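The chain contents come next:
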Amino acid sequence: MKLLKFTFPLLCLWLAGCSSLPFNDPIFSAVSPDTKVQKPKGDEAVAALSQKELAAGKLPEGTYDKAPVGAFEHRNYSRVKLNPIEALNLINQYRASKGLGKVSLDATLTKIAKTHSNDLAKHDRISHYGSDGSNPWDRVERSGYRPQLAAENVGTGQLSIKEVMQGWKDSPGHNKNLLLPDAKHIGIALVYNPKTEYKTFWTLVLGAKL
């Protein structure tokens, strides 16, 4: 059986140096040698929801956060965009500075990241749980990627990859995911929806195959 090690700090983390928002997510990481399964906090509550509730995007309190009304209205998102190669280079430069090997972009992990960002934008929240009740390991595993390692960072409200990267570096848990020694691949996505309170929804998925 697999051993899944999950980390879910209870509180959302503020970007260092920001006087208000944006948010970074509770952290998710998982690795899988052969022992017993340990589920992430919140899985039992999510599992207890009916299929109708999940279809409506309802998740238990404590497994997601919503932005205060108008919290990001003062920020100018007219130039927000994501260049995946720029993001990859930033991550690899940071890993190299710590003596770690490079990761490469993976089409499957990118699709997973984009789907989750779209899901977060649809419900205007920040969470590791999808509206179908899935956690990041579920999404990676069911994609056919066959993970030995899977980790996810999520951020909302940031204006650029540099801003969200700085927030992840400044957070011990997110930073640990960026610097996972055995990570080989990443997928990264940004969804911008001006009609939401959070505005931007960033997802980074790191992985290594069995």
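Residues numbered from 1 in each chain as written. Predicted model: local features only at pLDDT ≥ 70, side-chain atom pairs only at ≥ 80, totals over all residues. Heavy atoms only, no water.

A. Representation of unusual backbone geometry. One non-glycine residue, Asp124, lies in the positive phi region at around 50 degrees. Relative to the helices and strands, Asp124 is located in the loop between helix 4 (107-123) and helix 5 (136-142). Phi is positive for Arg146, close to 55 degrees, though the residue is something other than glycine. Residue placement: Arg146 occurs in the loop between helix 5 and strand 5 (147-156). Taking relative accessible area as the criterion, Arg146 reaches 54% and is therefore assigned exposed. (Helix = DSSP H or I, 4+ residues; strand = E, 2+ residues; numbered from the N terminus. Buried < 20%, exposed > 50% of the residue type's maximum accessible area, 1.4 Å probe, protein only.)

B. Spotlight on helix 4. With 17 residues, helix 4 extends 25 Å between its outermost C-alpha atoms, agreeing within 8% with the 24 Å of an ideal straight helix rising 1.5 Å per residue. The opening residue of helix 4 is Asp106, an N-cap whose side-chain oxygen sits 3.0 Å from the backbone nitrogen of Thr108. Looking at the residues trailing helix 4, positive phi occurs at Asp124, about 50 degrees. (Expected span 1.5 Å × (residues − 1). Polar contact = N/O pair within 3.5 Å; in protein donor to acceptor, adjacent residues only side chain to side chain.)

C. Structural detail: the confidence of the model for the protein chain. For the protein chain, mean pLDDT is 84; residues scoring 70 or higher make up 81% of the total. Segment residues 1-21 is flagged for pLDDT under 50; beyond a separation of four residues in sequence, or across chains, it makes 72 contacts in the model. For the stretch residues 32-38, pLDDT sits under 50, and the model shows 23 contacts to residues farther than four places along the chain or on other chains. (pLDDT = per-residue confidence, 0-100. Contact = heavy atoms within 4.5 Å.)

D. A look at the nonpolar core. Ranked by internal contacts, the top residues of the largest apolar core, which has 34 residues, are Ile161, Leu178, Ile186 and Leu204. Mapped onto this core, the elements with two or more residues apiece are helix 3 (84-97), helix 4, strand 5, helix 6 (161-170), strand 6 (185-192) and strand 7 (200-209). Take this core: its biggest share by element is five residues, from strand 7. Discounting chain neighbours no more than four positions away, the residues touching Leu204 are Ile91, Ala151, Glu152, Asn153, Trp168, Leu178, Ile186, Gly187 and Ile188. Residues Val140, Tyr145, Ala189 and Val205 belong to the second largest nonpolar core, which totals nine residues. (Core = buried A, V, L, I, M, F, W, Y, C linked by side-chain atoms within 4.5 Å.)

E. Seen up close, the pairing of strand 5. Summarising burial for strand 5: nine of the 10 residues are buried, a large majority. Both strand 5 and strand 7 contribute to a ladder of nine bridges, which runs antiparallel. Across the sheet, the residue bridging to Pro147 is Lys209, located in strand 7. (Pairing = 2+ DSSP bridges.)

F. Expanded view of the packing of helix 3 against helix 6. Packing of helix 3 against helix 6 brings their axes to within 10 Å, and their N-to-C directions diverge by 30 degrees. Of the possible angle classes, the one that applies to helix 3 and helix 6 is roughly parallel. Considering how the two elements wind past one another, helix 3 and helix 6 form a crossing that is right-handed. Seen from helix 3, the contacting residues are Glu86, Ala87, Leu90, Ile91 and Tyr94; seen from helix 6, they are Ile161, Lys162, Met165 and Lys169. Per-class residue counts for the contact of helix 3 with helix 6 are six nonpolar, no polar and three charged. (Axes fitted to C-alpha atoms, helices over the stretch in contact; angles between N-to-C directions. Parallel < 35°, antiparallel > 145°, perpendicular 65-115°, else oblique. Left-handed = near helix turned anticlockwise from the far one by under 90°. Nonpolar A, V, L, I, M, F, W, Y, C, P; charged D, E, K, R; others polar.)

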